[in-house]
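Structure assessment
Below are the chains, spelled out letter by letter.
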Amino acid sequence: MSKQVQQLDRVVIRFAGDSGDGMQLTGDRFTSETAQLGNDISTLPNFPAEIRAPAGTLPGVSSFQVHFADYDILTPGDAPNVLVAMNPAALKANLADLPRGADIIVNTDEFTRRNLAKVGYQVSPLDDGSLDGYVLHPVALTSMTVGALAEHDVSKKDAERAKNMFALGLLSWMYSRPYESTIRFLERKFAARPELVAANTAAFKAGWNFGETTEDFGVRYEVKPAKMDPGTYRNITGNAALSLGLVAAGVRSGLPVFLGAYPITPASDILHELSKHKRFGVTTMQAEDEIAAIGAALGASYGGALGVTTTSGPGVALKGETISLAVALELPLVIVDVQRAGPSTGMPTKTEQADLNMALFGRHGEAPVAVVAPRSPSDCFFAALEAARIALTHRTPVILLSDNYVANGSEPWLLPDVDSLPDLRVEFATAPNGEDGKTFLPYLRDPATLARPWAIPGTPGLEHRIGGLEKADKTGDISYDPANHDFMVRTRAARIEAIKVPDVEVEDPDSDARVLVLGWGSTYGPIGAACRGLRQRGLPVAQAHLRHLSPLPANLGEVLGRYEKVVIPEMNLGQLAQVIRARYLVDAIGYNQVRGLPFTATELETMLEEVVKNA
Amino acid sequence: MPEPVALKLTTKDFKSDQEVRWCPGCGDYAILAAVQSFMPELQIPRERIVFVSGIGCSSRFPYYMNTYGMHSIHGRAPAIATGLSVSRPDLSVWVVTGDGDALSIGGNHLIHALRRNVNLKILLFNNRIYGLTKGQYSPTSEVGKITKSTPVGSADAPFNPLSLALGAEATFVARTIDSDRKHLQSVLRAAAEHQGSAFVEIYQNCNIFNDGAFDELKEPATRDDYLIRLEHGQPITFGSEGQFCVVHPPGGFGLEVRETASVAADEIVVHDATVTEPAYAFALSRLPGFALRNTPIGIFRNVDRPSYDGVVQGQLDAARAKSTGTPEEQLAGLLSSGDTWTIL
């Protein structure tokens, strides 16, 4: 039976279920199939902090959203066109995000009286007409999967667990996805248990065939490949890209990379990833605490490695004293903060941008550091290289401000040519630098960068002592001299200001905008999508996005001065806005949300429309 | 740890140009002099030696050594030294710390360095007081200690640093005294030879805030009756006349001191620092309680266990041995691993 095929330009699908239902894996596989087809993609997982919350409850719902299109897209999508709900909790938790007319595929086997009661449904929403505004597809996913696997040599539990593959098969059919990579994936994943390869493959095919045969799904969809730059792509999450960026920084600098880390959500995946790359000379140490993690990284930097520590906000708070030490020692150090919602433990699996103040100012004394923020998952690779470049060239701690949204989101990444990556080689000091030709002055500076020599232990003739006590200019000896301290404090500030960072670019296609939207970090996607939406409706708006928060780009003041109004959307209560107002005396308008979720393009577009119309 | 080479270094080579600024009469001077005059024995070039310290009087130590050195922050020296040692196996890394630095604010780093068996030589100067902050009680001060912060006496029980180190799986544990240079250097010698963490507690006199804390162990009139000098392979007897000895009473968990005349010669414990079971060294560490009577000095424990540094380097070497191509080629391969697709 051949079915009608309808062309779409973009689709947003959300897979939602219990945290044990395998929704992250299902979304991941669907994404991979979609990437193979050549659509542009953006994804966003959303999972509970609990590893296994009680089954069937609202706190236990885990979801994965994938947005794919035949053109380049910037966000995982505001509202799903399709919701796959594996149980009543998944339906209840996600329904509010669905526009009327969206498709809902539910696993009817889980809509039992008991499961309905767990989430407060008196009557099944499948029966009471409350879903009339949607296109409901009731499918007995579990029982059909178990039925399809009747002849297979697997337990009932394993058969039931394969229901996510049935769902994936059905969705893959609906959207005409190529499934070879999923079959290969199953073969790899269950290599040790061939019976599970067979069962999961059969479940996937049963789902596919169900779509093809059932009357319920009358239409099949196609989304044509997007026009993307030629080259080889892979789909990548921010945490994976950041890890690879650090490996690349090691290769391009010729230095061993030393990661000191303590497990913390949502940064642990970087530790996991880097622990696999020992052949590149990457050492990973799971330290006893956050302080030891940065201490070990700083010790490694002192010894001539690229020292890195990865954490989230609570960890940065603990590392503050050691960051200050690194400021005083003037050694390279990369501190990765994958931000999450705070304060305190906050919402560990939810996103926020509220650590900017801490990155810029969160230390005792005048302790300036460089701060860099990636704008998208794949940009984490380049941001990591940039953080390493600044740290190595300028012998300074650099804070890399990622966040949960870019860290766990994914998008296609055009693989760079390794030779095109920046050359990060550094020269260690090898000979005395004093005028007498014998003395070594550890705080004698390079006039261009104001960086001091990096003289690592093992270098004969350069034995010297450094420490957290204030140091005399040039000699590095302990000094309590008032004028010297004033000079050193100003020099440390000047060192950061001396870092050369690229000018901020402004996207203003028709050069007629009177409103500038300024952002930083992970808000790039939703801000960009909102600006596009406005321009398509003939409302001019300019977008500028900061990668460097310290030092700020040299042209920023001039850019801000060009526009009548400057709007700064942030997932905090106005931290960048405060900096901009203080530094440039610009009456910036903040737009602030701290819901633990990224901005939607729609809300930004609505907000900006008001500003643009009144400008 | 670097291999020794024939070098003509002297004590003077290890003195830096910095003026030593401890209080006159401080026990730290004696320790500094002992370490500086011991260093040439190591036959390790100065540039391969690093002293890392935390905060406190003792932590000024690196400034006075003409080696590489870092005066870091309070309590964190073991962590910083761990990163250095693991990434630079060619260095000889020494940690200088005090009772407040190592056992209070930095307690966590100390125990984890010891359990990992990082290749660090940790010298803990124990004066049972906070000196740099001018006289508060420390985690090794006796209960009831009257200080500026405890005017009616401290309420908390102290740590026994050696018991703590042994509980943290330390492979080398020793104690010595600031004023006994010969003994101090013999302990440093053994510590330097040890592969893995070597933990050395040095009783050190703070003549300003806790003067005389260890006098009974130093005064000729009392020291022989107070000190138990541990020597590997020798029966443990002490006292001016050898009148005391250490026995392991049947049915008991620990060791006890007896009059030598009252026990048979074969009941006297023969010291063996290589006993795998830490309970023996632990029992030795408990002999004095907090009071100074029956204080063993010397090497309590010296056993072999793979060092963290060695295991980590082994993993790196094994991974490198399996890989081929230039780093750039390997990186290109890594970037394009997993599911990729090509757009023409």
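Residues numbered from 1 in each chain as written. Chains lettered and ligands numbered in written order. Predicted model: local features only at pLDDT ≥ 70, side-chain atom pairs only at ≥ 80, totals over all residues. Heavy atoms only, no water.

The name recorded for chain B in an unreviewed UniProt entry is 2-oxoglutarate ferredoxin oxidoreductase subunit beta, from Plantactinospora mayteni.

Labelled according to an unreviewed UniProt entry, chain A appears under the name Oxidoreductase, originating from Plantactinospora mayteni.

Focus: the UniProt feature "domain: Thiamine pyrophosphate enzyme TPP-binding" (unreviewed entry) in chain B
Put simply, the rule reads: UniProt positions are given in the numbering used here, feature names are shortened, and annotations may be inferred rather than shown by experiment. In this text, helices come from DSSP runs of H or I with a minimum length of four residues, and strands from runs of E with a minimum of two, each type numbered from the N-terminal end.
Per the UniProt entry, the sites bearing "domain: Thiamine pyrophosphate enzyme TPP-binding" (unreviewed entry) are residues 55-202 of chain B in this numbering. A helix fraction of 32% and a strand fraction of 20% characterise residues 55-202 of chain B, whose end C-alpha atoms lie 17 Å from each other.

Some remarks on a positive patch on the surface
Residue and element names in this part refer to chain A. Threshold: What makes a patch is a set of residues exposed beyond 30% relative accessible area and free of salt bridges, joined within 9 Å when like-charged and within 5 Å when nonpolar (Val, Leu, Ile, Met, Phe, Trp, Tyr). Accessibility throughout is a Shrake-Rupley quantity obtained with a 1.4 Å probe, and a residue counts as covered only by protein chains that appear here. Each salt bridge in this description consists of a side-chain nitrogen of Lys or Arg and a carboxyl oxygen of Asp or Glu lying within 4 Å of one another. Positive charge is attributed to Lys and Arg, negative charge to Asp and Glu, and no charge count is given to His or to the chain ends. Where a charge sits is defined by one atom per residue type, namely NZ (Lys), CZ (Arg), CG (Asp) or CD (Glu). Here the term buried applies to any residue with accessible area under 20% of the maximum for its type, exposed to any over 50%, and partly exposed to those in between, with areas from a 1.4 Å probe on protein chains only.
Where like charges cluster on the molecular surface, the positive patch consists of Arg52, Lys157, Arg161 and Lys189. If you trace the backbone, Arg161 turns up in helix H5 (residues 156-161). Arg161 sits in the exposed class, given a relative accessible area of 55%.

Describing the pairing of strand E1 (residues 49-53) of chain B
Residues and elements named next belong to chain B. Quick note on the threshold: When DSSP locates at least two bridges between a pair of strands, those strands are taken to pair.
With respect to burial, E1 is a largely interior element, five of its five residues being buried. The alternating pattern of E1 places Ile49, Phe51 and Ser53 on one face and Val50 and Val52 on the opposite face, and all of these are buried. With five bridges joining them, E1 and strand E3 (residues 92-98) adopt parallel strand pairing. Pairing of Phe51 across the sheet is with Trp94, part of E3.

Considerations on the nonpolar core
Stated formally: Residues belong to one nonpolar core when they are buried, are Ala, Val, Leu, Ile, Met, Phe, Trp, Tyr or Cys, and are joined through side-chain atoms within 4.5 Å.
Residues Phe381(A), Leu518(A), Leu546(A), Leu549(A), Leu576(A), Phe199(B) and Leu331(B) are the most contacted members of the largest nonpolar core, which totals 161 residues. Of all the elements, helix H14 (residues 379-394) of chain A adds the most residues to this core, at 10 residues. Core analysis: the second largest hydrophobic core is formed by 49 residues, Ile41(A), Phe64(A), Phe190(A) and Ala206(A) among them.

A short note on empty space enclosed by the protein
Residue and element names in this part refer to chain A. Defined as follows: Lining residues are defined by having an atom within 4 Å of a point belonging to a cavity or pocket. Those points lie on a 1 Å grid over the protein atoms alone, cavities being sets where a 1.4 Å probe fits but cannot get out and pockets being open sets with protein on both sides within 12 Å along at least five of seven lines. Grid points are joined across faces, edges and corners, and a volume is the space filled by probe spheres set on the points. Each residue receives one of three labels: charged for Asp, Glu, Lys and Arg, nonpolar for Ala, Val, Leu, Ile, Met, Phe, Trp, Tyr, Cys and Pro, and polar for the others, Gly being one of them.
Scanning all chains against the criterion turns up two cavities of 30 Å³ or more. Counted as a void, the largest cavity has a volume near 90 Å³. What lines the largest cavity is Leu44, Pro45, Asn46, Phe47, Thr349, Lys350, Thr351, Asn404, Asn408, Gly596, Leu597 and Pro598. Put simply, the parts of the chain that give the lining of the largest cavity at least two residues each are strand E3 (40-46) and helix H15 (404-408). The dominant element in the lining of the largest cavity, judged by the number of residues it contributes, is E3, at three residues. The residue inventory of the lining of the largest cavity, partitioned by class, reads five nonpolar, six polar and one charged. Taken as a whole, the second largest cavity encloses approximately 30 Å³ of empty space. Looking at the second largest cavity, the residues that line it are Val327, Pro368, Thr396, Pro397, Arg492, Arg495 and Ile496.

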